[in-house]
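Structural characterization, general
Here are the chains, one letter per residue:
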Amino acid sequence: MTVELIDIVKKYGKNIVINGITEKIETGEFFVILGPSGEGKSTLLKILAGIEKLDKGKIIADGVDITDKPPEKRNVAMVFQNYALYPNMSVRDNIAFPLKMRGMKKEEIMERVEKAAKLLGISEILDKKVTQISGGQQQRVALARAIVRNPSYFLLDEPLSNLDARVRTIARGELKRIQKELKGTFIYVTHDQKEALSLADRIAVLHKGKFEQVSDPKTLYEYPKTKWVAQFVGEFPMNFLPGELMKEKAQEIGFRPEWVEVGKGNLSCIVESVEASGESRYLICNFKNNNITILSQEFYDVGQEVRFKIIKYRKYNDGQLAQE
Ligand SMILES: Nc1ncnc2c1ncn2[C@@H]1O[C@H](COP(=O)(O)OP(=O)(O)OP(=O)(O)O)[C@@H](O)[C@H]1O
């Protein structure tokens, strides 16, 4: 199902949370809404679910105006941060619950539950209570419960955030696989840029009530449209230096920590702190009184001088990416 947002505006009193968003989400797309806390991500999902009313604008699903349709008429599945599973019920009963509520026949319920459980790899734990299973398994149960209803589109609000880092990485891969198998339209909210970059077909960066950039992950990372996006997306923010300092005809140049060669080159900086990351380390340096972060495979100590060369950079004027 395609989902179209047309000039969406949402206010809470005088607080304009969503300030005119227009975007079309395609069938089978994994669309991630990325932004820091408090930017209105959850509000936008609630609007799509029909839980929150709009102040202005329209929502069109597969060509039909659903702006005024209540949640139960939208055939949409929501998966939240806290899965809201029923602790006293078995996994099977949790998944079956929405179907029972609809008065579906027992055999069909069984069939759908088994199918969803198989897709999610939780067939073996169907008879356990949800209190007896891990966080990762609970997340899959919540997803199974969403899937059994054959929803037209899925709304997911940071569903992986209470899993620990290792499990989360695995769960991400799983989620992507499931979405592909279902060919489902997934609209997924997160404040975690890494999660967005690894899951999304397209990412919409929400800032000040608008989508500041909507791009595939590679373009978003390689060509951030604004300085704000450049510094929000990435393990470390993009480095910015005055264009003048780098003899460039732009107000600023931006480069990512890994867009450098370390150990040679005609630039040098002094290491102020070091952040280890697996095989490599981020050197936080002072470069002509500017703070920069560069990625190095070699060890360096605080206070040491590092020679480096910038191998790739972007130009920015007034905080906007300059046309090449
Ligand atoms: N029911 C409400 N009444 C009034 N203000 C609200 C309501 N819900 C949200 N807000 C405000 O709207 C803004 C956006 O909130 P929202 O929860 O959508 O942000 P978010 O990006 O999802 O944040 P987080 O990542 O922390 O969940 C915030 O300033 C919040 O205080």
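Not measured: the values here are computed from a predicted model. (Residues numbered from 1 in each chain as written. Predicted model: local features only at pLDDT ≥ 70, side-chain atom pairs only at ≥ 80, totals over all residues. Heavy atoms only, no water.)

With respect to the sheet that holds strand β14 (residues 280–287)
Pairing within the open sheet is antiparallel, and its four strands lie in the order β15-β14-β13-β16. Unpaired on one side and paired on the other, β15 (290–296) and β16 (305–310) mark the two borders of the sheet. Direction aside, neighbouring strands of the sheet carry axes that sit 50° apart on average. Note: β14 against β15, seven bridges, orientation antiparallel. (Pairing = 2+ DSSP bridges. Helix = DSSP H or I, 4+ residues; strand = E, 2+ residues; numbered from the N terminus. Axes fitted to C-alpha atoms, helices over the stretch in contact; angles between N-to-C directions.)

Comments concerning the pattern of salt bridges
Taken as a whole and assessed by the stated rule, the structure comprises 20 salt bridges. Between Lys100 and Asp93 there is a salt bridge, with its nearest N and O atoms 3.6 Å apart. Owing to a relative accessible area of 46%, Lys100 belongs among the partly exposed residues under this scheme. Asp93 sits in the partly exposed class, given a relative accessible area of 31%. In this structure, Glu195 and Arg172 form a salt bridge, with 3.6 Å as the shortest nitrogen-oxygen distance. Pair noted here: Glu195 is in helix α6 (residues 193–199) and Arg172 is in helix α5 (residues 165–182), with a separation of 23 residues, a long-range link. Like Arg172, Glu195 is buried. If you follow the salt bridges from partner to partner, you end up with Arg140, Glu174, Arg177 and Glu181 in one network. (Salt bridge = Lys/Arg side-chain N within 4 Å of Asp/Glu carboxyl O. Buried < 20%, exposed > 50% of the residue type's maximum accessible area, 1.4 Å probe, protein only.)

Points about the sheet that holds strand β17 (residues 314–317)
The pairing of strands in a sheet happens through backbone hydrogen bonds and is either parallel or antiparallel. Here we have four strands laid out as an open sheet, ordered β11-β12-β17-β18, and antiparallel in their pairing. Each of the sheet's edge strands pairs with one partner strand only, and the pair in question is β11 (239–242) and β18 (320–321).

Notes on the packing of aromatic side chains
Taken as a whole and judged by the stated rule, the model has nine aromatic pairs. Aromatic side chains Phe154 and Phe186 sit 4.6 Å apart centroid to centroid with 40° between the ring planes, which places their arrangement in the tilted category. Highlighted residues: Phe154 in strand β7 (residues 153–157) and Phe186 in strand β8 (residues 185–190), separated in sequence by 32 residues. Judged by relative accessible area, Phe186 falls into the buried class, the value being 0%. A ring pair is formed by Phe287 and Phe308, whose centres lie 5.6 Å apart and whose planes are at 75°; its orientation type is edge-to-face. Remark: Phe308 occurs in strand β16 and Phe287 occurs in strand β14; sequence separation between them is 21 residues. Just as Phe287 is buried, Phe308 falls in that class too. Grouping aromatic residues by their ring pairs yields a cluster made of Phe30, Phe154, Phe186 and Tyr188. The ring of Tyr221 has Arg256 sitting right over it, with the charged end atom 4.0 Å from the ring centre. (Phe/Tyr/Trp six-rings, centres within 6.5 Å; stacked < 30°, edge-to-face > 60°. Lys NZ or Arg CZ within 6 Å of the ring centre and 35° of its normal.)

As for the domain arrangement of the protein
Interfaces are frequently sized by the accessible area removed from exposure as the parts join. Taken domain by domain, the protein holds domain 1 (3–225) and domain 2 (235–321). Here domain 1 and domain 2 have C-alpha centroids that lie 37 Å from each other. Tallying the contact residues gives eight residues for domain 1 and eleven residues for domain 2. Counting the surface lost from both domain 1 and domain 2, the interface buries some 780 Å², and carbon and sulfur atoms represent 37% of this. Between Glu222 and Arg314 there is a salt bridge, and its shortest N-O distance comes to 3.0 Å. At the junction of domain 1 with domain 2, the criterion picks out six residue pairs in polar contact (both at pLDDT 80 or more). The set of elements that each furnish at least two residues to the side of domain 1 that touches domain 2 consists of α6 and α7 (217–222). (Domains from an automatic or database assignment. Contact = heavy atoms within 4.5 Å. Buried area = accessible area lost by both parts, 1.4 Å probe. Polar contact = N/O pair within 3.5 Å; in protein donor to acceptor, adjacent residues only side chain to side chain.)

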